[in-house]
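For reference, the chains in residue letters:
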Amino acid sequence: MNILNQIRKTAEEYPQEPAIITSSDGQVFTYAETYRRMKAGEQLPIPLLGSSWEGDFILHTTGTTGKSKSVIISQRAVMANSDNLITAHGYTHEQVMLITGPMDHLGCWSKLFPTLISGGTLYIIEDGMKNVNDFFKPFNLMPERRFATFLVPSALRILLSQAQDRLAAHAASIDFIEAGGAPLPRPDMLRLCEILPKSRLFNTYASTETGVIATYNYNDGRCLSGCVGHTMRHSCVMITREGTIACKGDTLMSGYENDEELTKQAMHDDTFFTADSGWIDEEGMLHIGGRTDDIINVGGLKLAPQEVEEAALANPMVNDCICIAEPHPILGQAPALLLVLAEGYTLDKRALARHINDRLDRYKVPQKYTVVESIEKTPNGKINRKAYREKQ
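Note that the structure is a prediction, hence the values are computed from the model and not measured. (Residues numbered from 1 in each chain as written. Predicted model: local features only at pLDDT ≥ 70, side-chain atom pairs only at ≥ 80, totals over all residues. Heavy atoms only, no water.)

Caption draft 1: View of the overall build of the protein chain. Per the secondary structure count, the protein chain includes twelve helices and 22 strands. Projected onto its principal axes, the C-alpha coordinates of the protein chain cover approximately 70 × 50 × 40 Å. The buried share of the protein chain, reckoned over its 392 residues, is 54%. In the protein chain, 39 positive and 48 negative side-chain charges are present, and the distance between their average locations comes to 3 Å. (Helix = DSSP H or I, 4+ residues; strand = E, 2+ residues; numbered from the N terminus. Buried < 20%, exposed > 50% of the residue type's maximum accessible area, 1.4 Å probe, protein only. Lys, Arg positive; Asp, Glu negative; His and termini not counted. Charge placed at Lys NZ, Arg CZ, Asp CG, Glu CD.)

Here is the structure:
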């Protein structure tokens, strides 16, 4: 069964129900109209990324290399990803899925198909999180519906810093929020759990090459930092001897388009080998430790920058930050922190250093603190660590 046939079945069950709503003009596409357009190859406000809805799809990713890679995603992988999400996150006909980011990246793109298969409604916010008012508009338009969304950590931070009260006001309407692209910092996890005590709040492990692999509802009373939970039904993970994550299952890409050599380097024996460090705990849940090329070597001691960033973000003076490596005459490298101050605060370096020192080992405490206007992000909202490495 391919995607088009699945959506045909949904259209037969819910022909006049809204499949897609656009935020800019309020245009509504029913399931009957959506299926007709898909079958005819006509334009829809969602990207047709293959030659047809019945063939392979191509997503583009640069990862950490900066070199554009075209990832081939088969119908089988799309169906496996969709079933992973439907079963793990509980997609239903009553849900409205808010699409808040670019649909040519896996994060939002992967939510299109399980929503349409389940008979839910896609509400597409064309400008994404550039305007938080657009995020809350559908809550007022459809007060009887339950909402779900996918947001990268930086977008969730925007909501928490600019619209925390509005988010809390709509708590009863929020079924779940999924975070991906990177594990959500624990201070943000704790704030969301407080604001949305009855919502399901997921940290999910996924990449363009692996598909959607594992998920963890951190609104479980524990808020485990860096945890992305148990693998989903069509996926499995293992930890290599080097401490990196390897993935198997039907969600994996078919390969890189027109690059057989690169495909062989990353994928063999039906396994995709990532550059993400990680481990599996006694409950069988996967934990992410950061990418191997992000690790800072402080005199032989290894430091994942996310540890420092999470500790810094727990201080109210820090609105956003990135931990980078700076040359050190004795240690080789030392951590430094670039930070965006929260409104109304001035930098107190000693207080911030004490705050981080109370939470981390001494060698992980940054030796330099620099206030910046913003932290550079990639087009899909992740911290652009590669850009900062290249500036060193």
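What follows picks up the thread again.
Caption draft 2: Structural context of the packing of helix H6 (residues 153–162) against helix H8 (residues 186–195). Remark: H6 packs on H8, axes separated minimally by 11 Å, with the N-to-C direction vectors making an angle of 55°. Considering the angle they form, H6 stands oblique to H8. Handedness of the crossing formed by H6 with H8: left-handed. Together, Leu156, Arg157 and Leu160 of H6 and Asp188, Arg191, Leu192 and Ile195 of H8 make up the contact between the two elements. Counted by class, the contact of H6 with H8 contains four nonpolar, no polar and three charged residues. (Axes fitted to C-alpha atoms, helices over the stretch in contact; angles between N-to-C directions. Parallel < 35°, antiparallel > 145°, perpendicular 65-115°, else oblique. Left-handed = near helix turned anticlockwise from the far one by under 90°. Contact = heavy atoms within 4.5 Å. Nonpolar A, V, L, I, M, F, W, Y, C, P; charged D, E, K, R; others polar.)

Caption draft 3: Quick peek at the sheet that holds strand E22 (residues 368–371). Taking strand neighbours across the sheet as the criterion, the three strands line up as E20-E21-E22 in an open arrangement whose pairing is mixed. Only two strands of the sheet have a single partner each, and these edge strands are strand E20 (318–328) and E22. Within the sheet, the average angular offset between the axes of one strand and its neighbour, ignoring direction, is 25°. Strands in contact with helix H10 (residues 305–313) are E20 and strand E21 (332–341); relative to E20, the strand with the most contacts, it is inclined by about 140°. Running at roughly 120° to E22, helix H11 (residues 349–357) makes contact with E20, E21 and E22 of the sheet. (Pairing = 2+ DSSP bridges.)

Caption draft 4: Layout of the sheet that holds strand E14 (residues 255–256). Strand order in this open sheet of three strands is E3-E4-E14, and the pairing throughout is antiparallel. With one partner strand each, in any of the chains shown, strand E3 (57–61) and E14 form the two edges of the open sheet. Of the strand pairs in this sheet, strand E4 (residues 69–73) and E14 are connected by two bridges, and their pairing is antiparallel. Counted as the bridge partner of valine 71 is tyrosine 256 from E14. Of the strands in this sheet, E3 and E4 touch helix H4 (residues 106–118), which is tilted by about 160° from E3.

Caption draft 5: The arrangement of the environment of threonine 10 in detail. By the secondary structure assignment, threonine 10 is in helix H1 (residues 3–13). For threonine 10, a relative accessible area of 4% corresponds to the buried category. As for threonine 10 and tyrosine 35, which are separated by 25 residues in sequence, their C-alpha atoms are 8.9 Å apart. Not counting residues within four places of it along the chain, the set of residues in contact with threonine 10 comprises Tyr31, Leu116, Ile117 and Gly119. Among the polar contacts made by the side chain of threonine 10, one reaches the main-chain carbonyl oxygen of glutamine 6 at a distance of 3.1 Å. Within polar-contact distance, the side chain of threonine 10 engages the backbone oxygen of leucine 116 at 3.2 Å. (Polar contact = N/O pair within 3.5 Å; in protein donor to acceptor, adjacent residues only side chain to side chain.)

Caption draft 6: Molecular detail of the environment of glutamate 310. In this fold, glutamate 310 is placed in helix H10. Sequence spacing of glutamate 310 and methionine 129 is 181 residues, and the spatial spacing of their C-alpha atoms is 22 Å. Among residues more than four places away in sequence, those in contact with glutamate 310 are Leu184, Pro185, Arg186, Pro187 and Ser225.

Caption draft 7: Highlighting the packing of helix H3 (residues 75–89) against H4. Close contact between H3 and H4 brings their axes to 9 Å; oriented N to C, the two are set at 70°. Looking at the two axes, H3 sits roughly perpendicular to H4. Here H3 contributes Val78, Met79, Ser82, Leu85 and Ile86 to the contact with H4, which in turn contributes Trp109, Ser110, Lys111, Phe113, Pro114, Ile117 and Ser118. In terms of residue class, the contact of H3 with H4 is built from eight nonpolar, three polar and one charged.

Caption draft 8: Expanded view of the pairing of strand E6 (residues 121–124). Of the two faces of E6, the one holding Thr121 and Tyr123 and the one holding Leu122 and Ile124 are both buried throughout. Bridge analysis of strand E1 (residues 18–22) against E6 gives three bridges, and the strand direction is parallel. Paired with isoleucine 21 across the two strands is tyrosine 123, which belongs to E6. Judged from the four bridges that link them, strand E5 (residues 95–99) and E6 form a sheet pairing that is parallel. Paired with isoleucine 99 across the two strands is isoleucine 124, which belongs to E6. Crossover handedness for the path E5 to H4 to E6: right-handed. (Right-handed = clockwise from strand over helix to strand, strands pointing away.)

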